[in-house]
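# Inside the fold
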Amino acid sequence: MGAVRGGAAGEKGAAEPCPCACAERVDAPAGEADTCAIVVAGGSGERFGDPRGKQFVDLAGLPLMCWSVAALDRAPSVARIVVVCAPDRVAEVEQDVLGRLTLSKPVTLAPSGATRQASVRSGLDATPRDLDLVAVHDAARPLVETELVERAIAVVRADETLAGALLATRCVDTLKLVEGTTVVATPDRSFYWAAQTPQVFRRRVLLAAHKAAEHEEYQGTDDASLVERVGGRVCVVESTRDNLKVTVPEDLAIAEATLERRLLS
Ligand code: CTP
Ligand code: MG
C-alpha cells in the first residue's frame, strides 16, 4: 500500500456560478489544483451480491470503479487521487483498474477498513498536507460528472466560512416518518435533499471531525454528518439523479443506459 503512480498536476479552473441553494453568484478565484480526491472502494457490496464486489463488475467495458476514478482525474482542481481498497485487492486495482486508464494525476493506494468511515479515515491519512481540500467519493458512483465535482470544490474554495459542500438532489417523493408500519408525520419535503458524493471538505476540518467521531464512537453514514457534528457549516450543490450509487443489480442497467445516452448525445 502507499504505492504512487505517476502523473502531472491539473490545469487551472475557472470561476463558477454559485450552485448551492442560495442561488447567488460566487466569484471563486481561478482555482489551482488544491484538492486530493479520495475514492473509497473497500466495501464488500453485500446488497449487490456479486462475489467479485460491485466496484469490479463490468460497466460499459470497464470495471465499474474505473469510471469514478477517471471522472475525478479529469477535474482540473484535483491534484492527486487516493484509492482506498481492500489489501487483498491491490493487484486487481493496479492491473484491472489503474492499468486500464490513462490518468494524468498521481494515484496512491490506501488500505480499507471495516466500515466506510474507517476507509475514508485511512484515505484521509494518505492525503498530502499541502493540499487544502479533499473530495471524498464513492467508487460505487461511476456516473459522477466532472463539472459537478468542480462546482463543489469551487464552492468550498470560495467561502472560508464553509467547512464543506456535498452533491445532493432535492427529494422528489413525499416523505413519511414511520414507526413500525404507522405513519406518524409527513415532513415538508422542500427541506429534504438526498446526499451523494463527492463531498468536499477542508482537509484539516474533515480530519478533526473523523478524530472526534472515532473518540466518541460515532458512526455516520456520510462524511458531512461528522463535520456537522463538530459545528462545521456544510452546503449542498444541486446534482442530478444520474449520479446514482450502484447498490443493487438493477442499478447497473440504469448506469449502463445513462452512459450509452451520454455517448450518443
Ligand atoms: N466502502 C469502503 N469501505 C467499507 C465499506 C464501503 O470503502 N468498509 C465504500 C464502497 O466500496 C462504496 C462506498 O463506500 O464505494 C459506498 O458504500 P456502499 O454503497 O454501502 O458499498 P458496500 O458497503 O460495498 O455495499 P453494501 O453496503 O451493500 O455491502
Ligand atoms: Mg455499505
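First, a word on scope: everything that follows refers to the structure included in this document. (Residues numbered from 1 in each chain as written. Chains lettered and ligands numbered in written order. Predicted model: local features only at pLDDT ≥ 70, side-chain atom pairs only at ≥ 80, totals over all residues. Heavy atoms only, no water.)

Before going further, it helps to spend a moment on the site of ligand 1. Taken together, 19 residues form the shell around ligand 1, and within it Gly42, Gly45, Glu46, Lys54 and Ser119 come nearest. Contact between ligand 1 and Lys54: an oxygen atom at 2.8 Å from a side-chain N or O atom of the residue. Here Ala140 contributes a backbone N or O atom positioned 3.2 Å from an oxygen atom of ligand 1. Contact with the protein chains removes 87% of the 560 Å² of surface that ligand 1 exposes when unbound. (Near = heavy atom within 4 Å. Polar contact = N/O pair within 3.5 Å; in protein donor to acceptor, adjacent residues only side chain to side chain. Areas by Shrake-Rupley, 256 points an atom, 1.4 Å probe, with all protein chains shown as cover.)

Okay, the layout of surface pockets next. Considered as a void within the structure, the largest pocket measures approximately 780 Å³ in volume. Arg47, Lys54, Arg116, Asp138 and Lys245 are the residues nearest the centre of the largest pocket, which is lined by 34 residues in total. Looking at the lining of the largest pocket, the elements with two or more residues in it are α3 (116-125), β11 (193-202) and α6 (223-229). Per-element tally for the lining of the largest pocket: the top contributor is β11, with four residues. In the lining of the largest pocket, the residues fall into eight nonpolar, 17 polar and nine charged. By volume, the second largest pocket amounts to about 220 Å³. Looking at the second largest pocket, it is lined by 13 residues, and the ones nearest its centre are Arg141, Thr169, Ala194, Gln196 and Arg241. (1 Å grid on protein atoms, 1.4 Å probe; cavity = no way out; pocket = protein on both sides within 12 Å on 5 of 7 lines; lining within 4 Å. Points joined across faces, edges and corners; volume = space filled by probe spheres on them. Helix = DSSP H or I, 4+ residues; strand = E, 2+ residues; numbered from the N terminus. Nonpolar A, V, L, I, M, F, W, Y, C, P; charged D, E, K, R; others polar.)

Turning next to the packing of aromatic side chains. The geometry of an aromatic ring pair is captured by two quantities: the separation of the ring centres and the angle between the planes. In total, this model carries zero aromatic pairs according to the counting rule given. One cation-aromatic arrangement involves Arg229 over Tyr218; the distance from NZ or CZ to the ring centre is 4.1 Å. (Phe/Tyr/Trp six-rings, centres within 6.5 Å; stacked < 30°, edge-to-face > 60°. Lys NZ or Arg CZ within 6 Å of the ring centre and 35° of its normal.)

Here Thr197 and Pro198 are connected by a cis peptide whose omega angle stands at 5°. Among the structural elements, Pro198 can be located in strand β11. Even without glycine at this site, Ala60 takes up a positive phi of about 50°. Within the secondary structure, Ala60 sits in the loop between β3 (58-59) and β4 (62-63). You can call Ala60 partly exposed: its relative accessible area is 35%. The phi dihedral of Glu217 falls on the positive side, at around 55°, and the residue is not glycine. By the element assignment, Glu217 lies in the loop between α5 (203-215) and α6. Residue Glu217 is classed as exposed on the basis of its relative accessible area of 73%. (Buried < 20%, exposed > 50% of the residue type's maximum accessible area, 1.4 Å probe, protein only.)

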